[in-house]
Amino acid sequence: EAATTNFDRVSTLTDRISIGLFLFSTAIAIAIAYRLSEYLTSSLGELKLGAALIGSGRLHNKIEIKARDEFGDLANAFNDMAGNLDHARNALTSANAELENKHQQVERQRQLSESLLRNILPAEIADELRQKERVEPKYFEDVSILFTDFVGFTLSTETLAAENLVNQLNTYFTAFDEIAARYCIEKMKTIGDAYMCVSGMPRRKPSH
């Protein structure tokens, strides 16, 4: 009877210990599962957010995962990729800026050469030369050519300062340019104080 009683007591204690260990193990398992789930959710959320920011062009964003596991390795890989993309974007931006600068320089040179060409030749002739690289000869039955000359210009050069003389000529020749443009007269050139223009070419005009 004593042995049976002791056995029952030990058996009951063993059952209680087993139940306690089971409950304790279950609690630990639940806690570990909760922490693991929380860590996985947090890490995946960080990766998802970081990937979205990198995809939107914010390449300076860094994914902050300190753990030394697969998530940490993946975060480092994303960060390295973002750094490489940022470097490539900066290089591309710099190359585009340099290309745009060279394009502007070429455009300025083209405009300058075109302006010089139009100053030397009539607009229609300059356009034909630029498009065909040659000008077809044209025959004009009759045209009017005008030469102007300032009376006493030689004497004025002895009394006027060079700057004043140039300013006066510029004022007069500018007025001549406006008159020539108004009546579709083609300016040919200035020779000292002389102004040469032609009417009736390159556009034929009966009233030249």
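Quick note: structure is the one above.
Residues numbered from 1 in each chain as written. Predicted model: local features only at pLDDT ≥ 70, side-chain atom pairs only at ≥ 80, totals over all residues. Heavy atoms only, no water.

**Student:** Would you mind showing me how to read helix 5 (residues 162-182) here?
**Tutor:** Residues lying three or four places apart along an α-helix face the same way, a consequence of the helix completing one turn every 3.6 residues. Its 21 residues place the ends of helix 5 30 Å apart at the C-alpha level, agreeing with the 30 Å of an ideal helix rising 1.5 Å per residue. Looking at helix 5, one finds that the buried residues are Leu165, Leu169, Phe173 and Ala180. For helix 5, the angular spread of the buried residues around the axis is 50 degrees, confining them to a single face. Opposite the buried face of helix 5, by more than 90 degrees, sit the exposed residues Glu163, Thr171, Glu178, Ala181 and Arg182. Close packing links the buried residues of helix 5 with helix 4 (153-159), strand 2 (186-191) and strand 3 (194-199). Of the residues flanking the end of helix 5, it is Cys184, one or two places downstream, whose phi is positive at about 55 degrees. (Helix = DSSP H or I, 4+ residues; strand = E, 2+ residues; numbered from the N terminus. Expected span 1.5 Å × (residues − 1). Buried < 20%, exposed > 50% of the residue type's maximum accessible area, 1.4 Å probe, protein only. Arc of directions from axis to C-beta. Contact = heavy atoms within 4.5 Å.)

**Student:** Just to check I follow, could you spell out the sheet that holds strand 3 for this structure?
**Tutor:** Sheet strands pair via backbone hydrogen bonds, and the direction of the pair is either parallel or antiparallel. Strand order in this open sheet of three strands is 1-3-2, and the pairing throughout is antiparallel. At either end of the open sheet lies a strand with only one pairing partner, and these are strand 1 (144-148) and strand 2. Averaged over all adjacent pairs, the angle separating strand axes in this sheet is 15 degrees, with direction ignored. Alignment of strand 2 against strand 3, held across five bridges, turns out to be antiparallel. Within strand 3, the residue paired with Thr190 across the bridge is Tyr195. Lying on the sheet, helix 5 is in contact with strand 1, strand 2 and strand 3; it crosses strand 3 at an angle near 5 degrees. (Pairing = 2+ DSSP bridges. Axes fitted to C-alpha atoms, helices over the stretch in contact; angles between N-to-C directions.)

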